[in-house]
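Below are the chains, spelled out letter by letter.
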Amino acid sequence: MTTYVIEADGGSRGNPGPAGYGAVVKDASDGQVLAEAAEAIGVTTNNVAEYRGLIAGLRATLDLAGEGAQVAVRMDSKLVIEQMAGRWKIKNEGLRPLAAEAGSLVRRLRVTEWTWIPRERNKHADRLANEAMDAAAQGLTWTAGGSSRETAASALPEGPGGGAAAGGSARPEESSRGAAGVSALPEGRVRGAAVATGRAAPSVPRQTDLLDAGELSAPTASVATAQQTAQRTGERTGTGWAPPTRVATSLLLLRHGETELSVQRRFSGLGDAELTANGLAQASAAAGRLAREPYRLDVIVTSPLTRARQTAAAVAQQTGLDVEVCDDLREADFGAWEGHTFTEVQRRWPGELAAWLSDPAVAPPGGESFADASRRVQAAREHLIERYEGRTVLAVSHVTPIKLLLQDALTAPLQALYRMHLDLACLSLIEYYADGPAVVKTFNDTAHLR
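Only a predicted model underlies this, so the values are computations on that prediction, with no experimental measurement involved.

Caption draft 1: Layout of the overall build of the chain. Helices and strands together make up the secondary structure of the chain, namely twelve helices and 14 strands. Looking at the chain as a whole, 50% of its 450 residues are labelled buried. Here the contacts in the chain between residues at least 6 apart in sequence split such that 72% fall between residues at least 24 apart. Approximately 20200 Å² of the chain is accessible, and the part contributed by carbon and sulfur atoms is 49%.

Caption draft 2: Local environment of the packing of aromatic side chains. Considering all chains together, one arrives at eight aromatic pairs under this definition. Taking the centre distance of 6.3 Å and the plane angle of 85 degrees together, the rings of Phe334 and Trp356 count as edge-to-face. Here Trp356 lies in helix α10 (residues 350-358) and Phe334 lies in the loop between β11 (323-325) and α9 (342-348), a separation of 22 residues in the sequence. Summarising the burial analysis for this pair, Phe334 and Trp356 share the class buried.

Caption draft 3: Molecular detail of helix α8 (residues 306-319). Over its 14 residues, α8 extends 20 Å from the first C-alpha to the last, a length consistent with the 20 Å expected when each residue adds 1.5 Å. Three or more residues of α8 are buried, namely Arg307, Ala308, Thr311, Ala312, Ala314, Val315 and Ala316. If you follow the buried residues of α8, they end up packed against β9 (249-255), α7 (277-290), β10 (299-302), β11 and β12 (392-397). Once α8 finishes, Gly320 follows within two positions and takes phi at roughly 80 degrees, a positive value.

Caption draft 4: Up close: the sheet that holds strand β14 (residues 438-445). Spatially, β11-β10-β12-β9-β13-β14 is the arrangement adopted by the six strands of the open sheet, whose pairing is mixed. Either end of the sheet is taken by a strand with one partner, and the two such strands are β11 and β14. Recorded for the sheet is a direction-independent mean angle of 20 degrees between the axes of neighbouring strands. Where α8 meets the sheet, its contacts fall on β9, β10, β11 and β12, and the angle it forms with β10 comes to roughly 165 degrees. In the packing of helix α12 (residues 399-409) onto the sheet, the strands contacted are β9, β12, β13 (427-432) and β14, and the crossing angle to β9 comes to about 145 degrees.

Caption draft 5: Just the pattern of salt bridges, in detail. Applying the stated criterion to the full structure yields 22 salt bridges. Among the ionic pairs, Glu7 bridges to Lys26, the shortest N-O distance being 3.2 Å. Of this pair, Glu7 sits in strand β1 (residues 3-12) while Lys26 sits in strand β2 (residues 17-27), and the two are 19 residues apart along the sequence. Note that Arg13 and Asp134 form a salt bridge whose closest N and O atoms lie 3.0 Å from each other. Residue Arg13 is found in the loop between β1 and β2, and its partner Asp134 is found in helix α4 (residues 123-137); the two are separated by 121 residues along the sequence. With a relative accessible area of 7%, Arg13 lands in the buried category. Look at the salt bridges and you will find they share partners, linking Arg119, Arg381, Glu382 and Asp408 into a network.

Caption draft 6: Spotlight on unusual backbone geometry. Cis peptide bonds are those with omega within 30 degrees of zero, and the linkage from Glu293 to Pro294 qualifies with 10 degrees. For Pro294, the position within the fold is in the loop between α7 and β10. Residues other than glycine seldom take positive phi values, yet Arg265 does so here, at roughly 55 degrees. With respect to the helices and strands, Arg265 occurs in the loop between α6 (260-263) and α7. Although it is not a glycine, Ala425 sits at a positive phi angle of roughly 60 degrees.

Caption draft 7: Summary view of the layout of surface pockets. Estimates place the volume of the second largest pocket at around 980 Å³. Around the second largest pocket, the lining comprises 29 residues; the ones closest to its centre are Arg255, Arg265, Phe267, Val399 and Lys403. Those elements that place two or more of their residues in the lining of the second largest pocket are α6, α9, α10 and α12. Of the residues contributing to the lining of the second largest pocket, the split by class is 14 nonpolar, eight polar and seven charged.

Caption draft 8: Quick look at the pairing of β9. Of all seven residues in β9, seven are buried, a share of seventy percent or more. Here β9 shows no split at all, with Thr249, Leu251, Leu253 and Arg255 on one side and Ser250, Leu252 and Leu254 on the other all buried. Pairing between β9 and β13: six bridges, direction antiparallel. Across the sheet, residue Leu253 finds its bridge partner in β13, namely Ser428. Both β9 and β12 contribute to a ladder of six bridges, which runs parallel. The residue bridging Leu251 from the neighbouring strand is Val393, located in β12.

Caption draft 9: Geometry of the environment of Leu427. Counting through the fold element by element, Leu427 comes out in strand β13. Each C-alpha atom, one on Leu427 and one on Ile402, is 9.7 Å from the other, the two residues being 25 residues apart in sequence. Once residues within four sequence positions are removed from consideration, Leu427 is found in contact with Leu252, Leu253, Leu254, Arg289, Leu290, Tyr295, Leu394, Thr442, Phe443, Asn444, Asp445 and His448.

Caption draft 10: Looking closely at helix α1 (residues 46-65). Between its first and last C-alpha atoms α1 spans 29 Å; for 20 residues at 1.5 Å apiece the expected length is 28 Å, and the two agree. At the C-terminal side of α1, Gly66 shows a positive phi close to 85 degrees.

Caption draft 11: Main features of the side chain of Thr392. In this structure, Thr392 sits in strand β12. The exposure class assigned to Thr392 is buried, which follows from its relative accessible area of 18%. Aside from chain neighbours lying at most four places away, what touches Thr392 is Ser250, Leu252, Arg296, Leu297, Asp298 and Val299.

Caption draft 12: Spatial organisation of the environment of Leu275. Looking at the secondary structure, you find Leu275 in the loop between α6 and α7. By relative accessible area, Leu275 is classed as buried at 9%. Distance from Leu275 to Arg309, taken between C-alpha atoms, is 9.8 Å for residues 34 residues apart in sequence. Leave out the neighbours within four places in its chain, and Leu275 touches Gly257, Glu258, Thr259, Leu280, Ala283, Arg307, Gln310 and Thr311.

So, how was this worked out
Residues numbered from 1 in each chain as written. Predicted model: local features only at pLDDT ≥ 70, side-chain atom pairs only at ≥ 80, totals over all residues. Heavy atoms only, no water. Helix = DSSP H or I, 4+ residues; strand = E, 2+ residues; numbered from the N terminus. Buried < 20%, exposed > 50% of the residue type's maximum accessible area, 1.4 Å probe, protein only. Contact = heavy atoms within 4.5 Å. Areas by Shrake-Rupley, 256 points an atom, 1.4 Å probe, with all protein chains shown as cover. Phe/Tyr/Trp six-rings, centres within 6.5 Å; stacked < 30°, edge-to-face > 60°. Expected span 1.5 Å × (residues − 1). Pairing = 2+ DSSP bridges. Axes fitted to C-alpha atoms, helices over the stretch in contact; angles between N-to-C directions. Salt bridge = Lys/Arg side-chain N within 4 Å of Asp/Glu carboxyl O. 1 Å grid on protein atoms, 1.4 Å probe; cavity = no way out; pocket = protein on both sides within 12 Å on 5 of 7 lines; lining within 4 Å. Points joined across faces, edges and corners; volume = space filled by probe spheres on them. Nonpolar A, V, L, I, M, F, W, Y, C, P; charged D, E, K, R; others polar.

Have a look at this one:
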């Protein structure tokens, strides 16, 4: 019996903004692509686009294999996976109809697993979603077989500096397919065949970038009129440059203060070192800053390790907030290297150290790789954003988890961790708008220590 895998994704280039989804159906036995779906869906949020991608993947599987087909679903949206698996409640009323639609399709199939996968393992669906958005931005739509045609609407403006709008990741040579449709390989079942892509040539001139007009704070008359009409009718405008319509979820990241191991520049992972007198002073300085304007903390969460909990306690004392322990914010496990200096490790484990420094998937002997740490840290991020949407959350943690959160927000590769430096007791800030792209607003800020 053939079993299938659905990989789906969605994206929104704004808060909300122009959005699209992509889905691919594969043969579970050999990974061959059997069908693809992609569509631009106007202006909406990231989570809506991700649900639409899931629905498209489920429909494509039904069209391909019929009722009762066995399928595994894999997405990089923790929220969609956990909600469809029944492990998370659906709090956003706007997502309930989409979840219900997906659920009705699921009941016609045999879904054996709901699995979250990291973004780098969902590149195919992500590419399709971006191709859909790119095509729509050119006034084009994709039909089965890869051909394109002009849409009735004019093209959306490009992002700053030209190219894909902010938040997109499609490469120029991949942006010709896209806005709407499902494409199956020949007869929907032939494995190993190439998917026709086609090359779309926009037949309408590109609109002037709104940034070129030199005025973003005051919309043009036509845009303002459209926005007023949208406010009366409840519709969203489609430029993608509208201001955020929902409050950001702010994630303030505070690294713990100094310990004896940090003074001696030793690997300090799961070893439970305490703060030095200087470390306690650093924590107090950070707490004093966070207790004043413009900071208005709603929640404090911390790694379970003592050095982080002591730092969090200093902030709690000055803000009057309780502290919640989040185990997934702990430091990476450095295994056999714990407590050793870099020089000692280089002498005793030269080959292992070289491999660790060149590949985030490599773990120290008996320890945890950055890739593995990333999975648990991103799960913590999803949980915090879901639970404390629209609030300001202080997360007290360590070098590796904080770097991983910043790397993910910047959509940088894991190798970017080797190019970041974070001081003791530093502050960084990431804001998440309307389930859309994250914005890094502060990095390694130590003004309170001066």
